Structures are given as structure tokens and as C-alpha cells.
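Examination of the molecular architecture
Chain residues, written in single-letter form:
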4 protein chains.
Amino acid sequence: MAGMATVGTPDPNSGWLADDELEAIRRRLPLIYVEAVPVRVDGLGRVTEVGLLLRASEGELTRTIVSGRVMHGETIREALFRHLEKDLGPMAFPQLPASPVPFTVAEYFPWPTEGGYLDTRQHAVALAFVVPVTGTCEPRQDALELTWLRPAEAVSDEITADMEGGRGALVKAALASVGALA
Amino acid sequence: MAGMATVGTPDPNSGWLADDELEAIRRRLPLIYVEAVPVRVDGLGRVTEVGLLLRASEGELTRTIVSGRVMHGETIREALFRHLEKDLGPMAFPQLPASPVPFTVAEYFPWPTEGGYLDTRQHAVALAFVVPVTGTCEPRQDALELTWLRPAEAVSDEITADMEGGRGALVKAALASVGALA
Amino acid sequence: MAGMATVGTPDPNSGWLADDELEAIRRRLPLIYVEAVPVRVDGLGRVTEVGLLLRASEGELTRTIVSGRVMHGETIREALFRHLEKDLGPMAFPQLPASPVPFTVAEYFPWPTEGGYLDTRQHAVALAFVVPVTGTCEPRQDALELTWLRPAEAVSDEITADMEGGRGALVKAALASVGALA
Amino acid sequence: MAGMATVGTPDPNSGWLADDELEAIRRRLPLIYVEAVPVRVDGLGRVTEVGLLLRASEGELTRTIVSGRVMHGETIREALFRHLEKDLGPMAFPQLPASPVPFTVAEYFPWPTEGGYLDTRQHAVALAFVVPVTGTCEPRQDALELTWLRPAEAVSDEITADMEGGRGALVKAALASVGALA
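Per-chain numbering applies: the sequence of each chain, read as written, is numbered from 1 onward. Chain A is the first chain written and ligand 1 is the first ligand written, with later ones labelled in order. Only residues with pLDDT of at least 70 get local features here, since the model is predicted, and only at 80 or more are side-chain atom pairs given and counted; chain-wide, interface and lining totals rely on the full set of residues. Hydrogens are left out, water is left out, and the side-chain values use all remaining heavy atoms of the structure.

**Focus on the relation of the copies chain B and chain A**
A residue counts toward the fit only if its pLDDT is at least 70 in both copies, and the copies are then superposed by least squares on the C-alpha atoms of those residues. At an RMSD of 0.0 Å, chain B and chain A line up after a rotation of 180° and a shift of 0.0 Å along the axis. The transformation relating the two chain copies, once decomposed into turn and shift, fits a two-fold axis. Throughout, a contact is declared for two residues whenever any of their heavy atoms are within 4.5 Å. Taken together, the interface assignments show that 100% of the residues at the interface of chain B recur at the interface of chain A, consistent with an identical surface on both copies.

Below, the structure written as C-alpha cells:
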């Protein structure tokens, strides 16, 4: 898995920067990302299910969450909405949080660190949110499917070991923040 | 206003404790409350309006938010839902937060304190939440109306001065927590 | 373990209420508690160790954290300080948080619930904080010792299974809130 | 004030990127910043004073807080510590938070926005923290002094109007997050 640990998904808008420019910057500056753990909630707001994206990459299956870069001129909320739509489709109807404060800040480095988050491409600082989705999710083409798991399943060793870049810890922290980590 | 500063609204279920029993306990133990600042949000989750309840009490008009006691055996979420329904009606469709962590903890004492929250009846510890409502609000009988205000209006001196028990500070803290306090 | 799951420690001040009065109230009203997970931090504020209290109770060894009731007229901060001093001794020098917002709210019921927190004596709502301590801890008499564990040890199955009232989940949530849950 | 609204202070390490490179990047990518509101706390953790930096810039006096860029390869905590030391001196002894979650995320744009934060140089996303300092502060050369104000003074119209880039709202949000906004 090491070779494929990446933050998020190929960005169709990266044309805002030419690929080689972005490549050069990635070695010089931390990039800012947003990440979202999609959840289903019941009528009282309790998280009942967690949505994980399954992806085939270089012949391996890995799991991840919604993740992507914040563009110049774009707000955190706009970036979050854009990446949710890109990864879950236009009918997911995410409920973006009223508060701009993430449940955690995940720091990805291109080398192993104590924090545990790894992105071989870059140093990225990700603001991570839990986002209830109320509609129908249709993961876009490079994701094979979105799997809904009960909280206890989502944090099982079997699932977290498959997650890209150390995001198993992120899913645990997401569930802890909503009181759903047993 | 001093004489009427109270946490929340008369509780129809206080029959779970006889009135004189509750009265006696109020002088001996802190009670636990939930409070909710109702808001309207736009498609990106930004707070656009704040809902304040207008109430006539002993000949004075005061403003307040949703507030009430947590009963024995009841979860915080259940109490929050019950009081939202009682104060805003059954068609308000509140979106309860996925996280059980309040934006602040307001401590009401029956005497003036540095914290600034006052409840002449009791010592109450209130867990306060910002709750988006998506439906139609019909405040119940002892509230004259629910007024929707823009964030800047809701924290104006004119409005906060009218709020029961020092809740002007609570509304400011609510808006600060969602990044809407200018 | 079921029979001995309790919130916190015998309260020397319970004389503020006679024992039988408190007993009666416990069946009628939720009580409000504060809980603290003591930690050691390094110069950058990172949690390096977690302190768990070891206690012998009815012939069994269990682990717990700092926990106790909020008294009438007492602020959350005062209660937190009082219980930290009672459980860790006068030389622990805890750094109370600037923010009154807990990392989680743990709801203990006298019957099993989905939330997982159990207190056979009562319904208690606990505001839980991570508290760095900088001095020397001398646990009071009914605790055998305070054990400092690395975060990964503190959340191991071996340790969390021994914790009173489901507090293993609370320690996990505490570490998740400080970015130290791997 | 418009012309001088800037995020933070000249960065001696900007040599990590040549000035013209940084200039080019600033028009293409959001930069990530950390900001700290220095406070004094009492023995129970309550905020008693807020520290604001006074600075002379282009003939005007403005007030600001600790602020600066996160470098490639640097953690949020390291950046926070570095900028606190740079702005407050080596004897300030800041207590960095155990939690990596900011009290708010301030989004600075080079054009006026609803959010209200302005930085004429760039789009910057700032993670903002309240940081108790326990030692002696000696602001570095381009700051005239560090002024300690009571919370009520710090959020007065007189003070907030002088703050760079809309940071008056940030100070209000900081105080709201610690329950000290009246």
C-alpha cells in the first residue's frame, strides 16, 4: 500500500495550475485539503452508518473517504461541497456543517511520522469533517463503490488496515467526535 | 427583567417530580438543561438567520431560545428533540447535530456571577447547541412568535439586552461557533 | 464488572445532601458530573502519556479516570479542580482548559444502552476533559496507584476491558480529540 | 487600513522560497497559516487577559495577534511554537493546546468577502488557537508592544476597529470559545 498512499483523488481542476507547476510547488509548500467522512444519521442525529469509498488503484483495492484540494479563491465550504459532489454524485444531498471547525486536522507528510498520516506526493494539511448525506450516492468512475458500514465495522482492524494513507485513524477520530466509537 | 430570568419554559412533564419536590431539589442540586439556538442555513451550511422566541411574561416582552430540562432516563438528544418540538412545533424538522459536544456550556446561577448567566429559580448547567431547522415553526402558546433575524441583528445591543438570563452572550457564542459573528 | 460500575468516587461532601436524600434523587433526576483524563504533554503540547487510576473494589481491580459530582453553587471548573486534587493529590498541578467545552459528553445510565456507559447507581451526564498535569501525582487512599501509559497502551483491549462503566471508550475519545489515537 | 491588511508578519524563513516565487504562488494557491491569541489564565484556567500586538506600519498603528505561515515539512504545532517565539520572545512559555483542533478557521481573501477577513497579499487559510502564556513577553522589533487587555476591553469597538484584516471578529470568536465573551 505504501506506494499508493495519496491524499484524495485526481483533480479535474488542477488545470488552474499546470501539472509540472503543481509538482514543483508540492515539494515546497504544504497544500490545504478538505476531507469528509460521509455518514447516515437517524432522526435524532445519531450516526448509524459510515460510507467508505472502495477504489482499485494499481491492482490493489483500497478504501478511502472524500478528499480533495482547496483551490485559490475557494472557501472551505465550497471545496467541501465540490469534492462531495465529485466523489458521491449530484444526488447525495450532503448536509454541510454549520460550524467551520473540523473534528480534526490531519497532517499528511511524504515520509513516515508519529502522526501516522502519509501522502507520498506531498505535505498536505487536511481539515476533516463528518458530513451526513441524505440522498443517493453514485460514486464517480474511479471509485468502484461506496460501502455503508456500521460504526463498529468501520473501525475494525480488517477495514482500517485497508485505508489509504493512515485514514483508519481518521475514521476512528470521526466516530469518536460523534460519540459513536465503542 | 431580573425577576423573570428563568431557564427555559414551564415543563409539562415536571409531574415526573411533584412541584414541591422539584422546588426542594432546586435549592440543593444543579439541574441539567439543553438549549438550542434555531438557525436557517443555506445550501453550503452557512447560517443565514437566527430564530429567537418572543415571550410575554409578567407584562414584559423578553426574547429567549429553546431551553428545557433533561429528564431521568432521557438522553441529551431526546431532550433536545423534545424541547425543540415543544417550543417550535411538530413541523420544524430540526437537524440534530451528529456530535454530542455543545458549542458551549452555560452555567446559570440564582445569584449574579462573572459568567453572567442568571436563573433566579436554580443552578442549571446547560449544554447549548446550534440547530438548523428546515420546516415551518409554530411556537407554542406561551411564546408570541418566533422571529428570524440576520446574524448581525441578532447580536445587536438592542436585541441582546432583551434576552432572558444573559442569553445574549449565548447567541453571540453560538454565532461565533459557526463563523457568523462579525 | 457489572456490579461495580460506578461514576467516580465516594464524595466527602455528599453531606451537602443526606445519603438517603441523594439516594432518592438519584432515581428521579440525572446528576451532573465532571470527568478528567490526566495526561502528560511535551513542550509542543503533544500527549505523551495517559494517567489511569487503579482501584481495588469488592475484590476486583479496575481502572478509572478522575470523576465526580458537581455541587450546587459550584462551577464546572471548580468541580474539576476539586476532583483532580482529591484524586491526584495537591501537587499534581493540573492545567485546566481555557475552554469550558468538553471533548465529549458521556451519558451514564443504570441500564445497558447503545451509548455503552453504565453506572448502576444513577443516570449521570458527565462533561469530560483532557487535563495536562505537570506535577507529582499521589492518588488518595482508595486508589492503589496512578499508572502512566503511552497512548497506544491506554487504548489496548487489555486495558480498556478493565475500565469501569465503559470508560475505555472515553479514553479512546479523549485521545482521538488530541490527535493521539492511532 | 485596507492597504495594510496582511496576514501575520514578514517571515524571515521565506528564503525557503525566493520572494518572487512566493509572490507567484500567492496568486495561485491558498497558503496555510497558524494564528494564536495569547491569553493569561488564572488557576482554574479562566482567561483573565488577552494579549494584542501593537504595530506601526506605514505610519499607522494597528493591532494584531500572533500569525504566520506553516512551512513545508513542519507540523502545525511546530509552526505555532515558532511563531509564538518569534512574536513574543523566547521567555513567553506558551502552553500549546493538547488538541490540534482550532477554535475557528479564518479564511483570508485578497478581496472583500462575507466572512470579513482580508489579506491584500493572498488567499490564506488560518487555523486559530487560544494559547495561554505563562512567562514574560518581549515582542520582537517590528511590534511596538504587547498590550494585555481584559476580555471586555479587547472586544470593544475601539479596539476591534484597529485590528488588521478583520481580526476583531477573530478575537471575539476566541473569547466566545473560552466562555469569556460577555
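Now that the structure has been shown, we can carry on.
**Looking at the interface of chain B and chain A**
Each partner contributes to the interface: chain B provides 17 residues, whereas chain A provides 17 residues. For the pairing of chain B and chain A, the buried interface totals around 1400 Å² over both sides, and the portion due to carbon and sulfur atoms is 60%. Simply put, the buried area is the total loss of 1.4 Å probe accessible area from both parts when two parts are fitted together. When the buried area of chain B at its contact with chain A is split by residue, Leu44(B), Arg77(B) and Ala98(B) rank highest and sum to 38% of it. The element contributing the most residues to the side of chain B that touches chain A is helix H2 (residues 76-88) of chain B, with three residues. Of the residues that constitute the side of chain B that touches chain A, the class distribution is eight nonpolar, six polar and three charged. Here a helix means four or more residues in a row that DSSP labels H or I, a strand means two or more in a row labelled E, and each is numbered from the N terminus. Gly is placed with the polar residues, together with every amino acid not listed as nonpolar (Ala, Val, Leu, Ile, Met, Phe, Trp, Tyr, Cys and Pro) or charged (Asp, Glu, Lys and Arg).

**Description of the interface of chain A and chain D**
On the chain D side, the residues contacting the 31 residues of chain A number 31 residues. Both faces combined, the contact of chain A with chain D buries some 2600 Å², and carbon together with sulfur accounts for 69% of it. Together, Arg28(A), Leu29(A) and His72(A) form the three largest contributors to the area buried by chain A at its contact with chain D, with a combined 26%. Should a side-chain nitrogen of Lys or Arg be within 4 Å of a carboxyl oxygen of Asp or Glu, the pair is scored as a salt bridge. For the pair chain A and chain D, the interface holds two salt bridges. Arg28(A) is the partner of Glu21(D) in a salt bridge, and the nearest nitrogen-oxygen pair spans 3.2 Å. Within 3.5 Å is the distance limit for a polar contact, defined as a pair of N or O atoms, with the added protein rule that one can donate a hydrogen and the other accept it, and that residues adjacent in sequence qualify only through two side-chain atoms. Counting across the interface, chain A meets chain D through eight residue pairs in polar contact (both at pLDDT 80 or more). Those elements that place two or more of their residues in the side of chain A that touches chain D are helix H1 (19-26), strand E1 (31-41), strand E5 (104-108) and strand E6 (124-132) of chain A.

**Remarks on unusual backbone geometry**
Residue Phe93(B) is not a glycine yet carries a positive backbone phi of 50°. Of note, Phe93(B) is situated in the loop between H2 and strand E5 (104-108).

**Here we look at helix H2 (residues 76-88) of chain A**
Residue and element names in this part refer to chain A. One fewer than the residue count of a helix, multiplied by 1.5 Å, yields its expected span. Over its 13 residues, H2 runs 18 Å from end to end, which matches the ideal 18 Å to within 8%, given 1.5 Å per residue. In this scheme, a residue with accessible area under 20% of its type's maximum is buried, one over 50% is exposed, and one in between is partly exposed, where area comes from a 1.4 Å probe on protein chains only. Counting buried positions along H2 yields 10 of 13 residues, so the element is predominantly enclosed. Residues of H2 that are buried include every one of Ile 76, Arg 77, Ala 79, Leu 80, Arg 82, His 83, Leu 84, Lys 86, Asp 87 and Leu 88, and no others. Note on H2: the residue one or two positions beyond its end, Gly 89, has a positive phi of about 90°.

**Overview of the relation of the copies chain A and chain D**
With an RMSD of 0.0 Å, chain A superimposes on chain D once it is rotated by 180° and translated 0.0 Å along the axis. With an isologous cut-off of 70% or more, the 100% of interface residues of chain A that recur at the interface of chain D puts this contact in the isologous class.

**Let's talk about helix H5 (residues 167-177) of chain C**
All names here are of chain C. In terms of burial, H5 is largely enclosed, as 11 of its 11 residues are buried. Three or more residues of H5 are buried, namely Arg 167, Gly 168, Ala 169, Leu 170, Val 171, Lys 172, Ala 173, Ala 174, Leu 175, Ala 176 and Ser 177. Looking one or two residues beyond H5, the residue adopting positive phi is Gly 179, at roughly 70°.

**Overview of the packing of aromatic side chains**
In this scheme Phe, Tyr and Trp rings, the latter by its six-membered ring, pair at centre separations within 6.5 Å, and the angle between planes marks the pair as stacked below 30 degrees, edge-to-face above 60, and tilted otherwise. What the rule picks out here adds up to eight aromatic pairs over all chains. With a centroid separation of 5.2 Å and an interplanar angle of 50°, the aromatic rings of Tyr108(A) and Tyr117(A) are classed as tilted. Given a relative accessible area of 0%, Tyr108(A) falls into the buried group. The interplanar angle of 25° and the centroid separation of 5.9 Å between the aromatic rings of Phe109(C) and Trp111(C) together place this pair among those described as stacked.

**Observations regarding the environment of Thr147(C)**
Residues and elements named next belong to chain C. Its location among the elements puts Thr 147 in strand E7 (residues 143-149). Sequence separation between Thr 147 and Arg 63 is 84 residues; the distance between their C-alpha atoms is 9.3 Å. Those residues in contact with Thr 147 that lie beyond four places of it in its chain are Val 50, Gly 51, Leu 52 and Arg 63.

**Remarks on the pattern of salt bridges**
Counted under the stated rule, the structure contains 35 salt bridges over all chains. Salt-bridge contacts for Glu74(B) lead to Arg82(B); the nearest nitrogen and oxygen are separated by 2.6 Å. Because the salt bridges share partners, they merge into one network encompassing Glu35(A), Arg55(A), Glu164(A) and Arg167(A).

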